[in-house]
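# An overview of the molecular structure
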Amino acid sequence: MRKIFSSMDIGSNSIKIIVCELFENRLNVLAATNYPSLGIKQGNVVDENIVKETINNAIEEINTSLGLKIDKMIINIPMYEPEYMINEASVSITNEEKVVTGNDMVNALQTSIYNKIPKSRELVTIQPIKYKVDTVNQDIQYPRGLRASKLSVTSMCMTVPKKNIYKIISILQDLNIEVIDILFGIIGDYFEFKNSNTDEAITGVINIGSDKTEVAVFKKGIIYNSKVIFKGVGLIDEDVSYIYNISGKSAKKMKEVFSLAYKDFASTSDIYEITNKSGIRTKINQYEISEITMSKLKELLENAKKGLNDLTKKEISYIIISGGITNMPGFEVLAKEIFNGNIIIGPIKTLGVRDNSYSQSLGMIKYFIDKLNIRGREYTMFDEYKQEELVENRKNNISNNNSVFGRFFNYLFDSKED
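All of the points below concern the structure found in this document.

Following the criterion strictly, the structure yields 22 salt bridges and no others. A salt bridge links lysine 371 to aspartate 181; its shortest N-O distance comes to 2.8 Å. Of this pair, lysine 371 sits in helix H9 (residues 359-375) while aspartate 181 sits in strand E10 (residues 178-184), placing them 190 residues apart in sequence. Of the residues examined, lysine 371 reaches a relative accessible area of 18% and is grouped as buried. With a relative accessible area of 9%, aspartate 181 lands in the buried category. Put simply, Lys231, Asp239, Lys296 and Glu299 are held in one network by salt bridges that share partners.

The following block contains the structure:
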């Protein structure tokens, strides 16, 4: 069985969709798109018709690239009014061999939250903090395969008000997309950039978006608390637009193609010419625009730093910073000045999405696969028919292509065994 997964990161600035195949413990990107979003503000749906049209366009772009229709997705949801609950439960091991299975682990997790979630709230995800079995006198992360009569779990569950997610779920259902899993996008950020050090420490995660910044604290890979700051990189566009009397669209383009995050690296001789709203041709040097950008980024990072400190009194060992703005030259230098610690800022190393704006969509797939592995589950979002259709489409696309990329797909789809 080929293991193929798809995810959608629904943002205020863009919608990112990725389709990946897990092959020899590595993710290979089959298709990806970064589509401009409309009708979404601060992660919330404000115009359902426009959002539906936008998501449909993004999905059609992916479908065209793949040559078939995707109908299952992992999605992120707004991290507003979250509640985090630590729960405990125990279950008996009932199989004849008295061996802990993936089903037992899932049963323990479900039991730990049984009748504990109010009707007005929806479960986002549940993560096991630790397991115990009655035959081993210590905490265990992965009890599957151990002999025991009883399995206990301590879990962390996250919930949000139902209103946070029902609009987007309804839109996707209208588009014939089945939502396989939901989670906070910032969990995807963590799973994209985590390492063995962050998994043993307290880690802060910051995602800087267009109109909001999300911050969260993870302890040994488990999210414990989070906060949304309603300021994002759109502040830069607003300042540039106001100062130079240009449209927000022009300001955003100039920021993305000309500005640096650290003004000391900028040039006073590099010039960007633009016509303002009064019809006057204006010349702006790189240092000027970078000074504005750096000032606002510094403000956003300092707000995020304060936000993390509000979430925990414990020392944060590592800080992961994500979002498309982290691709900007000079960003890492500025971040290190502000945080004076172990900063992790990409880059994403997966071929096909080497842009930090894809961190949530790619990381959500990695989180989903991790859940499957821990529970010993096999799963794919593409049934056998779709897999065969995908292979045939790829063969047709590369039949006249002798490039390295073409030869890669020949190997990927023809040389391995199902």
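There is more to say after this.
Ranked by size, the top nonpolar core spans 71 residues in total, and within it Met8, Ile55, Leu66 and Phe184 carry the most contacts. Ranked by residue count, the leading element in this core is H9, at 7 residues. In this structure phenylalanine 184 touches Asn76, Ile77, Pro78, Met79, Pro82, Tyr84, Val124, Met158, Val160 and Ile223, once residues within four positions along its chain are discounted. Core analysis: the second largest hydrophobic core is formed by 41 residues, Ile208, Val233, Ile319 and Ile321 among them.

What follows concerns the packing of helix H7 (residues 286-311) against helix H8 (residues 331-339). Packing of H7 against H8 brings their axes to within 10 Å, and their N-to-C directions diverge by 45 degrees. Classified by the angle between their axes, H7 and H8 sit oblique to one another. Helix-helix and strand crossings are classified by hand; for H7 and H8 the assignment is right-handed. Here Met294, Leu297, Lys298, Leu301, Glu302 and Lys305 of H7 come into contact with H8, specifically with Phe331, Leu334, Ala335, Ile338 and Phe339.

Along the chain, leucine 390 falls in helix H10 (residues 384-398). Sequence separation of leucine 390 and leucine 66 is 324 residues, and the distance between their C-alpha atoms is 6.9 Å.

Calculation rules
Residues numbered from 1 in each chain as written. Predicted model: local features only at pLDDT ≥ 70, side-chain atom pairs only at ≥ 80, totals over all residues. Heavy atoms only, no water. Salt bridge = Lys/Arg side-chain N within 4 Å of Asp/Glu carboxyl O. Helix = DSSP H or I, 4+ residues; strand = E, 2+ residues; numbered from the N terminus. Buried < 20%, exposed > 50% of the residue type's maximum accessible area, 1.4 Å probe, protein only. Core = buried A, V, L, I, M, F, W, Y, C linked by side-chain atoms within 4.5 Å. Contact = heavy atoms within 4.5 Å. Axes fitted to C-alpha atoms, helices over the stretch in contact; angles between N-to-C directions. Parallel < 35°, antiparallel > 145°, perpendicular 65-115°, else oblique. Left-handed = near helix turned anticlockwise from the far one by under 90°.

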